[in-house]
Amino acid sequence: MAENKGKTDSIRMSMQGCRTNNGFVHNEDILEKDPDPGSRLDGAVAVLGPVEPDLKDIRPYAGMPKEVLFQFSGQARYRLPREVLFWLTVASVFVLIGATIAIIAVSPKCLDWWQAGPMYQIYPRSFKDSDMDGNGDLKGIQEKLDYITTLNIKTIWITSFYKSSLKDFRHGVEDFREIDPIFGTMKDFENLVAAIHDKGLKLIIDFIPNHTSDKHAWFQLSRTRTGKYTDYYIWHDCTRENGITVPPNNWLSVYGNSSWHFDEVRNQCYFHQFMREQPDLNFHNPDVQEEIKEIIQFWLTKGVDGFSFDAVKFLLEAEHLRDEAQVNKTQIPDTVTHYWELYHDFTTTQVGMHDIVRSFRQTMDQYSREPGRYRFMGIEAYGESIDRTMMYYGLPFVQEADFPFNNYLSELNAPSGNGVFEVITSWMETMPEGKWPNWMIGGPDRARLTSRLGAEYVNIMNMLVFTLPGTPITYYGEEIGMRNILVTNLNESYDVDTLFSKSPMQWDNSSNAGFSEASHTWLPTSSDYHTVNVDVQKTQPRSALKFYQELSLLHVNELLLSRGWFCYLRNNSHSVVYTRELDGIDRVFLVVLNFGESSPLNLKEMVPNIPTRASIRLSTSFADKGGEVDTHDILLDKGEGLVLEYNTKNLLHHQTAFRDRCFVSNRACYSSTLNLLHSLC
């Protein structure tokens, strides 16, 4: 009996040992429950044989064996919550996927970097001299990047810096893959690109593919009929009589006189649309087109974010070489020497020219596949009609330029509300649907704004370009109101009229306006640099520079300006009035610009349901900022502008009376609830 009892106790201890959990706490009431003494032997026998555990009176406990866990997991009270959570998770995933797809489907296209902020155009020879030789250079631009960022600029546009004889100052390129020593080295350029990108900015550069310098290696090989270069330029037989060249036809250079020049080495005439030192490339030759594409790829590989292509309308000429028609048919042919005396039907905008430009676009698209690295393409279409200019946007399904540069405001030589209105509406009404506008009030080949219109119009013109839809473009110095230089004895040759707007940037009131420490600069500084400079204006709360910074900040931060509708209300010889509005935002900006003498305006007559009082968001008269105006009677001085703000739910672009006077590039609506833009307008 004692032996049997010992075996039973041993088995019992073994069972308790099986329930030991290395420190986990068990349900003591259950684990220590002593079985009926009369059944101990039966219990021992049960341990020795397979038995299904009885879980009726047992609750889950930490560290339970997996066999016990599986028994509990199959019970309805544990299985059902688990299944509910599983299907809720599945449903949530599908809801999130559906919501993501819906948001993508209804979201308007995001603005790209060339749309999101202003561009700043720099003529590098005149921006900042870093090596004291009197010429601006690439290192000088890098030194001033912090200043450029204070203007809320998004894109820097640098005009031509290629190795060149500088005839015509930027168009006679000797080597498209080299930096002219005046501006620095290729290493300087690479450092500049890296520094620009480190600041979160983008860089576009000039490119003139139409012609080269006569010192270019291609031309030297072409004039000796060397290999494939024989037909890289446009050559034709011409006669020589008593030392005088008789050209093949009456085609004229942009600068006047025949566009054909005799070359004694090849004993033929070559064609040049510009100066005789700038022979035109033969774009009928596929090898020339490939050369240009390789140059584009070279600079894109260097990190350039885009190009401004210039003089593209001259890329092709008619191969039949027939004479162009005279404007004045009664004029004696031998006296026709000025470019404007002919209709240029055979030397500009020929069939196939746009195909070449589109091939440039396709080359750039190969470098636009990386997210955030879209490569911009702009076209300088100066001298073109508005209809021909719009053709550079491309076709509905064939992209060409992102936009042709709009220089029409820079051609205004007299302040006029009607003149400004005509420039705005001619562009907006002829621009293809969905395309993006741009506005510029100056450039290297145009007289500066202050010299054309007067210093009192600097702020109002900057207000105009920053409150119109599209990308504002600023030529260096326009933010402080620089003017043309007033000198005649310039140490440079050819077309001095284009030099007056290229004077050195005015940084401070030190020698040479802080542009250079050299004893002599390539162009003199303007005589007003003691008061019109960056250092002085950044400390003056009412300066042109401070106002420019406020405008650019407003443009960056306000959806009404970057994405909103543009509706024009009124124009006359004095004033222009328009609104900027966006579906989903109950605020409206109303812009009032006065280009003439003081005259009262009644906005109540122009805008239905406008409140009696409107707040002044921004004013060229700094004393008015933050105040209010009576919309029945507004009196503005000459050159004064206001950005008014008022609340309304009756947006003008929804009203039949204004529908034909409202424009938008990329339609979008704002949801204040979700704080996002959508296209379900």
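Residues numbered from 1 in each chain as written. Predicted model: local features only at pLDDT ≥ 70, side-chain atom pairs only at ≥ 80, totals over all residues. Heavy atoms only, no water.

As annotated in an unreviewed UniProt entry, the protein is Amino acid transporter heavy chain SLC3A1 from Lynx pardinus. Taken verbatim from the UniProt record of the protein, the Subcellular location (unreviewed entry) comment is "Apical cell membrane". (UniProt positions renumbered as here; feature names shortened; annotations may be inferred.)

Between helix α11 (residues 286-301) and helix α12 (residues 353-365), the shortest axis-to-axis distance is 10 Å and the interhelical angle comes to 35°. Crossing handedness for the pair α11 and α12: right-handed. Residue-level contacts link Gln289, Ile292, Lys293, Ile296, Gln297 and Leu300 of α11 to Ile356, Ser359, Phe360, Thr363 and Met364 of α12. Partitioned by chemical class, the residues of the contact of α11 with α12 number six nonpolar, four polar and one charged. (Axes fitted to C-alpha atoms, helices over the stretch in contact; angles between N-to-C directions. Helix = DSSP H or I, 4+ residues; strand = E, 2+ residues; numbered from the N terminus. Left-handed = near helix turned anticlockwise from the far one by under 90°. Contact = heavy atoms within 4.5 Å. Nonpolar A, V, L, I, M, F, W, Y, C, P; charged D, E, K, R; others polar.)

Attention now moves to the pattern of salt bridges. Evaluated as defined, the whole model comprises 23 salt bridges. With its nearest N and O atoms 3.7 Å apart, the salt bridge here joins Asp528 to Arg483. Of this pair, Asp528 sits in the loop between β17 (471-475) and α17 (534-537) while Arg483 is found in the loop between β17 and α17, placing the two residues 45 residues apart along the sequence. The class of Arg483 is partly exposed, set by a relative accessible area of 26%. (Salt bridge = Lys/Arg side-chain N within 4 Å of Asp/Glu carboxyl O. Buried < 20%, exposed > 50% of the residue type's maximum accessible area, 1.4 Å probe, protein only.)

Moving on to a nonpolar patch on the surface. A surface patch of nonpolar side chains, amounting to about 410 Å² of accessible area, comprises Val93, Phe94, Ile97 and Ile101. Within the secondary structure, Phe94 is located in helix α5 (residues 76-106). Accessibility expressed as a relative area gives 59% for Phe94, which makes it exposed. (Patch = residues over 30% accessible without salt bridge, like charges linked within 9 Å, V, L, I, M, F, W, Y side chains within 5 Å. Areas by Shrake-Rupley, 256 points an atom, 1.4 Å probe, with all protein chains shown as cover.)

The eight strands are arranged β15-β12-β11-β5-β2-β1-β17-β16 in an open sheet whose pairing can be described as parallel. Edge positions in the open sheet fall to β15 (403-404) and β16 (438-440), since each of these has one partner strand only. Bridge count for strand β5 (residues 202-207) against strand β11 (residues 306-310) is four bridges, and the pairing is parallel. Bridging across to β11, Phe207 finds its partner in Phe309. On the sheet, helix α9 (residues 186-198) packs against β2 (155-158) and β5 and is oriented at approximately 140° with respect to β5. (Pairing = 2+ DSSP bridges.)

Take the UniProt feature "transmembrane region" (unreviewed entry) in the protein next. Per the UniProt record, "transmembrane region" (unreviewed entry) is found at residues 84-106. Taken end to end, residues 84-106 is 100% helix and 0% strand, and its two terminal C-alpha atoms sit 32 Å from one another.

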